[in-house]
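As a plain string of letters, each chain reads:
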Protein chains: 2
Amino acid sequence: MTSDRRTRLDPSERRAQLVELGVHELAEHGLHDLSVETVAARAGISKALLFHYFGSKRRYRLAVVAAVADDLLARTEPDPEQPPDVQLRQSIVDSVEYVSARRQLYLSLVRGAASGDAEMREIVDRTRSALVARILDGATDLGLPSDDPLLPVAVRSWLALAEEAIIAWAPDGPVSLDRLLDFVESSFYRTVAGRP
Amino acid sequence: MTSDRRTRLDPSERRAQLVELGVHELAEHGLHDLSVETVAARAGISKALLFHYFGSKRRYRLAVVAAVADDLLARTEPDPEQPPDVQLRQSIVDSVEYVSARRQLYLSLVRGAASGDAEMREIVDRTRSALVARILDGATDLGLPSDDPLLPVAVRSWLALAEEAIIAWAPDGPVSLDRLLDFVESSFYRTVAGRP
């Protein structure tokens, strides 16, 4: 298959292919174990060519993490045909599923070594802000007090609760996935909407 | 006063004095603006002597941050003479006050550049764990289901909510301090205790 893999791609196709390979690698490894050698080998190109496209290992990682962030937002995008509470529940389920499959990556981004990199933090912050904006956009439909200045603070805080719950939860521990999902979901209504 | 300041201190006194000066500096400046020159000058010693005591600027910063963490834990220690709900409220008030006076430091520790340093993260994690343990120790008094395996997850998640609320809140914005405190406190009962 080597000849296939060595197919000449134009620069934007090659870049997209390398980022996609990196996204797959990250599902299994943490950010710091993302091997540019492995990715280059899978693409059938040299490591030097990979660097040619991205400039440095750090810039390549940034491109991969940005792609993961876009991917997370796309996969947790609610279905507008559904009622708002079903949309919220589904987004929570999708997020937990997405994160569970990339736990090491998630940890290194949310509170690991990666957060020492300002551009990496910027990607994480931008993703958080997009998730918050999505909820605020649907505030009225969710029965939230959209003109209350506390609302953006409450939504951001709930998102931090949700992130931490996913980190603190052990997939094979005594708390079932359903209970975790119920906790995250009910916390939303109880804290953000102020409903019991 | 120079002669006073140049008083010979034994090594442990000198170390404590330098850490204390650093803690005061940090109340005004972020972690990366902590100037060892200023601290050494205030102690009436040379920068070289400061390095002699701590080994490096990084190790000095770590010692100062560890002292701030101990200080936070001490100042938010609840009064056991008070009823449990009053203790919780007072701890929240004390924490917000403590953090507000050190906002830049708090930001750099919780999600800033400092989190790129594993030992720095270790201090932050240890402090979080101590705050969680304090709540779990008082779980029965607070009417929490102390044998529920979800409880530690819920407490950690609420703490993340509280941290984020303090960061997202603007002291001179439209949300009053009292409302912020009420939000953080009521969120505790609504999420951790499952009470409305």
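Residues numbered from 1 in each chain as written. Chains lettered and ligands numbered in written order. Predicted model: local features only at pLDDT ≥ 70, side-chain atom pairs only at ≥ 80, totals over all residues. Heavy atoms only, no water.

1. As for the overall build of chain A
Part 1 of the argument: A count of helical and extended segments in chain A gives 10 helices and zero strands.
Part 2 of the argument: What you see in chain A, going N to C, is helices and strands ordered as α-α-α-α-α-α-α-α-α-α.
Part 3 of the argument: Within the span of chain A, comprising 196 residues, buried residues form 47% of the whole.
Part 4 of the argument: Looking at chain A alone, contacts between residues at least 24 apart form 66% of all its contacts between residues at least 6 apart.
Part 5 of the argument: Surface accessibility of chain A: about 9600 Å² in total, with carbon and sulfur atoms responsible for 52%.
Part 6 of the argument: Across chain A, the 24 positively charged side chains and the 30 negatively charged ones have centroids separated by 8 Å. (Helix = DSSP H or I, 4+ residues; strand = E, 2+ residues; numbered from the N terminus. Buried < 20%, exposed > 50% of the residue type's maximum accessible area, 1.4 Å probe, protein only. Contact = heavy atoms within 4.5 Å. Areas by Shrake-Rupley, 256 points an atom, 1.4 Å probe, with all protein chains shown as cover. Lys, Arg positive; Asp, Glu negative; His and termini not counted. Charge placed at Lys NZ, Arg CZ, Asp CG, Glu CD.)

2. Topic: the packing of aromatic side chains
Part 1 of the argument: Applying the stated criterion to the full structure yields six aromatic pairs over all chains.
Part 2 of the argument: With a centroid separation of 5.4 Å and 90° between ring planes, the pair formed by F188(A) and Y189(A) is classed as edge-to-face.
Part 3 of the argument: The interplanar angle of 70° and the centroid separation of 5.0 Å between the aromatic rings of F54(B) and Y60(B) together place this pair among those described as edge-to-face. We note that F54(B), like Y60(B), is buried.
Part 4 of the argument: An aromatic cluster is present here, built from W158(A), F188(A) and Y189(A) joined pairwise through their rings.
Part 5 of the argument: The lysine or arginine in question, R102(A), covers the ring of Y98(A), its NZ or CZ lying 3.7 Å from the ring centre. (Phe/Tyr/Trp six-rings, centres within 6.5 Å; stacked < 30°, edge-to-face > 60°. Lys NZ or Arg CZ within 6 Å of the ring centre and 35° of its normal.)

3. So, the packing of helix 9 (residues 150–168) of chain A against helix 10 (residues 177–192) of chain A
All names here are of chain A.
Part 1 of the argument: For the pair helix 9 and helix 10, interaxial distance at closest approach is 10 Å and the crossing angle is 165°. As summarised for this structure, helix 9 and helix 10 are arranged roughly antiparallel, according to the angle between their axes. When the axes of helix 9 and helix 10 are compared, the crossing they make is right-handed. The residues of helix 10 that touch helix 9, namely those facing L151, A154, V155, W158, L161, A162 and A165, are L180, F183, V184, S187, F188, T191 and V192.
Part 2 of the argument: Residues belonging to the contact of helix 9 with helix 10 are distributed by class as follows: 12 nonpolar, two polar and no charged. (Axes fitted to C-alpha atoms, helices over the stretch in contact; angles between N-to-C directions. Parallel < 35°, antiparallel > 145°, perpendicular 65-115°, else oblique. Left-handed = near helix turned anticlockwise from the far one by under 90°. Nonpolar A, V, L, I, M, F, W, Y, C, P; charged D, E, K, R; others polar.)

4. Things to note about the relation of the copies chain A and chain B
Part 1 of the argument: Taken as rigid bodies, chain A and chain B are interconverted by a rotation of 180° and an axial shift of 0.0 Å, the fit giving an RMSD of 0.0 Å. Here the symmetry operator amounts to a two-fold rotation axis. For chain A, the residue whose C-alpha comes nearest the rotation axis is G116(A), separated from it by 1.7 Å.
Part 2 of the argument: Looking at the interface residues of chain A, 100% of them are also at the interface in chain B, so both copies use one shared face. (Least-squares fit on C-alpha atoms with pLDDT ≥ 70 in both.)

5. Quick word on the environment of F188(A)
Residues and elements named next belong to chain A.
Part 1 of the argument: Within the secondary structure, F188 sits in helix 10.
Part 2 of the argument: Owing to a relative accessible area of 0%, F188 belongs among the buried residues under this scheme.
Part 3 of the argument: Taking the C-alpha atoms as reference, F188 lies 9.0 Å from A154; in sequence the two are 34 residues apart.
Part 4 of the argument: Not counting the four nearest positions on each side in its chain, F188 is found in contact with L88, I135, L142, L144, W158 and A193.

6. Some points on the confidence of the model for chain A
Part 1 of the argument: Residues of chain A with pLDDT of at least 70 account for 93%, and the chain-wide mean is 88.
Part 2 of the argument: Taken together, the chains of this predicted complex give a pTM of 0.89 and an interface ipTM of 0.88. (pLDDT = per-residue confidence, 0-100.)

7. A short note on the interface of chain A and chain B
Part 1 of the argument: At the interface, 31 residues of chain A touch 31 residues of chain B.
Part 2 of the argument: The contact between chain A and chain B buries some 2700 Å² in all, and 66% of this surface belongs to carbon and sulfur atoms.
Part 3 of the argument: Together, L150(A), F183(A) and R190(A) form the three largest contributors to the area buried by chain A at its contact with chain B, with a combined 20%.
Part 4 of the argument: Viewed at the interface, chain B and chain A are joined by two salt bridges.
Part 5 of the argument: Residue D148(A) pairs with R179(B) through a salt bridge whose shortest N-O separation is 2.7 Å.
Part 6 of the argument: Put simply, the parts of the chain that give the side of chain A that touches chain B at least two residues each are helix 8 (118–137), helix 9 and helix 10 of chain A.
Part 7 of the argument: The element that contributes the greatest number of residues to the side of chain A that touches chain B is helix 9 of chain A, accounting for 11 residues.
Part 8 of the argument: Within the side of chain A that touches chain B, the residues separate by chemical class into 16 nonpolar, seven polar and eight charged. (Buried area = accessible area lost by both parts, 1.4 Å probe. Salt bridge = Lys/Arg side-chain N within 4 Å of Asp/Glu carboxyl O.)

8. What about the pattern of salt bridges?
Residue and element names in this part refer to chain A.
Part 1 of the argument: Under the counting rule described, the total for this entry stands at 26 salt bridges over all chains.
Part 2 of the argument: Linking E25 and R42 is a salt bridge whose minimum nitrogen-to-oxygen distance equals 3.1 Å. Of this pair, E25 sits in helix 2 (residues 11–28) while R42 is found in helix 3 (residues 36–43), placing the two residues 17 residues apart along the sequence.
Part 3 of the argument: Each of R58, R59, D117 and E119 takes part in salt bridges that share partners, so that together they form one network.

9. Some details on the nonpolar core
Part 1 of the argument: Counting 68 residues, the largest nonpolar core has L144(A), W158(A), F188(A), L144(B), W158(B) and F188(B) as its most contacted members.
Part 2 of the argument: For this core, the secondary-structure elements that each account for two or more residues are helix 6 (84–100), helix 8, helix 9 and helix 10 of chain A together with helix 6 (84–100), helix 8 (118–137), helix 9 (150–168) and helix 10 (177–192) of chain B.
Part 3 of the argument: If we ignore the near neighbours within four places in the chain, the residues touching L144(B) are I135(B), A139(B), L151(B), F188(B), V192(B) and A193(B). (Core = buried A, V, L, I, M, F, W, Y, C linked by side-chain atoms within 4.5 Å.)

10. Observations regarding the side chain of S187(B)
Part 1 of the argument: The topology assignment puts S187(B) in helix 10.
Part 2 of the argument: On the accessibility criterion, S187(B) (1% relative accessible area) is buried.
Part 3 of the argument: From its side chain, S187(B) meets the backbone oxygen of F183(B) in a polar contact 2.6 Å long.
Part 4 of the argument: Among all residues touching S187(B), those that are not within four sequence positions of it are T191(A), W158(B), L161(B), D182(B) and V192(B). (Polar contact = N/O pair within 3.5 Å; in protein donor to acceptor, adjacent residues only side chain to side chain.)

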